[in-house]
Amino acid sequence: KILVVGACGQIGVELTLQLRKMYGGANVIASDLREEHPMLKDTGPYIPMDIMNKETFHVLVLRYNITQVYLLAAILSATGEKNPPLAWNLNMQSLLNVLEVAKEEKLHKIYWPSSIAVFGPNSPKQQTPQHTIMEPTTVYGVSKLAGERWCEYYHHRYGVDVRSLRYPGLISYKSAPGGGTTDYAIEIYQDALREGKYECFLKEDTYLPMMYMPDAIRATIELMEADANRISVRSSYNLSAMSFSPKEIGEAIRKHLPAFAISYAPDFRQKIADSWPSSIDDGAAREDWGWAPGYDLERMTVDMLKNIGGSTSGA
Ligand code: VAH
């Protein structure tokens, strides 16, 4: 059975729904601290759980015969800077709890997301390599960098089959984002439809690596389904689909909503965005397990504008 921890988050909701489609609702247990997300209702078992409590997590693994864990609980970059100790504690202890139980119970596979936030101001900005300088300047990035080292340690020392992707900024409409620096690229679509304008908290030429959620979900599944002997990276794979700036996504929206107006009021998140790469080299993912993105800015924009409204989460 599969357990998704953090199933009510931006990635968790869509990953849980996809896993349930593939393996059957009853075989995918969703858990989170919060009450069940409306989109998960009646699609499979939901168990409130605090992943910071290793014992209750361990008991749940035994009681429900869990063999795979997807750990998506985390505090993201912007929120993390408002409470560094909490971000470090949650992001690290949740992973260590999962890795320890995976070792003790010989769980089949573990998934844990990293992020382009592991790179810092002196990492190469363009086509950032899989292996390079990594001096992250956010607590979130530090926790993801440390987490990658722990994943590699548990794999090489104890044989835990833990796999990971360095997600770029993820854009989706089904569930609310969790306080990231890239969330402007979600808000912009919602505001464009609701108000016809958007005040962006990043400068117009801030290029960031981005990906549409359907691609991120597919990449996660493809990585987890790949033969173990094809996985050459046990820290976390670079993953890429596109890069764009607020100016460019504004222009993509204006093609469909000609009256849309964008203004700029950079805030504390500008400094975070400036520390990250503008584009990513995901050659290792393409080589090892055949990664290829499906959505570019235009295709994503059409899909986002078409779907927002009905299914934007109220949460
Ligand atoms: C954040 N959406 O902004 C996340 C992600 C690369 C960005 O890690 O913190």
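What comes next concerns the included structure. Owing to the predicted nature of the structure, the values given are computational and were not obtained by experimental measurement.

Focus on the site of the ligand
By nearness alone, every residue bordering the ligand is listed as Leu 76, Ser 77, Ser 115, Ile 116, Tyr 140, Tyr 167, Pro 168, Gly 169, Gly 180, Thr 181, Thr 182 and Trp 276. In the model, an oxygen atom of the ligand is placed 2.8 Å from a nitrogen or oxygen of the Ser 115 side chain. In the model, a nitrogen atom of the ligand is placed 3.1 Å from a nitrogen or oxygen of the Thr 182 side chain. Taking a 2 Å distance to the grid points as the criterion, the majority of the atoms of the ligand fall inside the largest pocket. In terms of residue class, the shell around the ligand is made up of 6 nonpolar, 6 polar and no charged.

Thoughts on the pattern of salt bridges
A side chain with one charge can pair with a side chain of the opposite charge if their charged atoms come near. A complete count under the given rule lists 18 salt bridges for this structure. Of the charged contacts, one joins Lys 103 and Glu 100 as a salt bridge, the two residues approaching to 3.3 Å between their closest N and O atoms. Of the two residues, Lys 103 and Glu 100 both sit in helix H4 (residues 84-104), 3 residues apart, roughly one turn of that helix. For the salt bridge of Arg 163 with Asp 161, the shortest nitrogen-to-oxygen distance reads 2.9 Å. Across the pair, exposure class does not vary: Arg 163 and Asp 161 are buried alike. A single network of salt bridges, built from pairs that share partners, joins Asp 161, Arg 163 and Arg 234.

With respect to helix H6 (residues 184-194)
Within H6, 8 of the 11 residues are buried, which leaves the element mostly enclosed by the surrounding structure. When we look at burial in H6, the residues that qualify are Tyr 184, Ala 185, Ile 186, Ile 188, Tyr 189, Gln 190, Asp 191 and Ala 192. Once H6 finishes, Gly 196 follows within two positions and takes phi at roughly 75°, a positive value.

Remarks on the sheet that holds strand E8 (residues 169-171)
Ordered by their spatial adjacency, 3 strands build an open sheet running E8-E10-E12, and the pairing between neighbours is mixed. One side of each edge strand has no neighbouring strand; the edge strands of this open sheet are E8 and strand E12 (242-244). Neighbour to neighbour, the strand axes of the sheet diverge by 45° on average, direction disregarded. Alignment of E8 against strand E10 (residues 208-212), held across 3 bridges, turns out to be parallel. In the sheet register, Gly 169 faces E10, and the bridge partner there is Met 210. Against the sheet, H6 touches E8, E10 and E12, its axis set at about 25° to E8.

What counts, and at which threshold
- Residues numbered from 1 in each chain as written.
- Predicted model: local features only at pLDDT ≥ 70, side-chain atom pairs only at ≥ 80, totals over all residues.
- Heavy atoms only, no water.
- Near = heavy atom within 4 Å.
- Polar contact = N/O pair within 3.5 Å; in protein donor to acceptor, adjacent residues only side chain to side chain.
- 1 Å grid on protein atoms, 1.4 Å probe; cavity = no way out; pocket = protein on both sides within 12 Å on 5 of 7 lines; lining within 4 Å.
- Sits in = over half its atoms within 2 Å of the grid points.
- Nonpolar A, V, L, I, M, F, W, Y, C, P; charged D, E, K, R; others polar.
- Salt bridge = Lys/Arg side-chain N within 4 Å of Asp/Glu carboxyl O.
- Helix = DSSP H or I, 4+ residues; strand = E, 2+ residues; numbered from the N terminus.
- Buried < 20%, exposed > 50% of the residue type's maximum accessible area, 1.4 Å probe, protein only.
- Pairing = 2+ DSSP bridges.
- Axes fitted to C-alpha atoms, helices over the stretch in contact; angles between N-to-C directions.
- Contact = heavy atoms within 4.5 Å.

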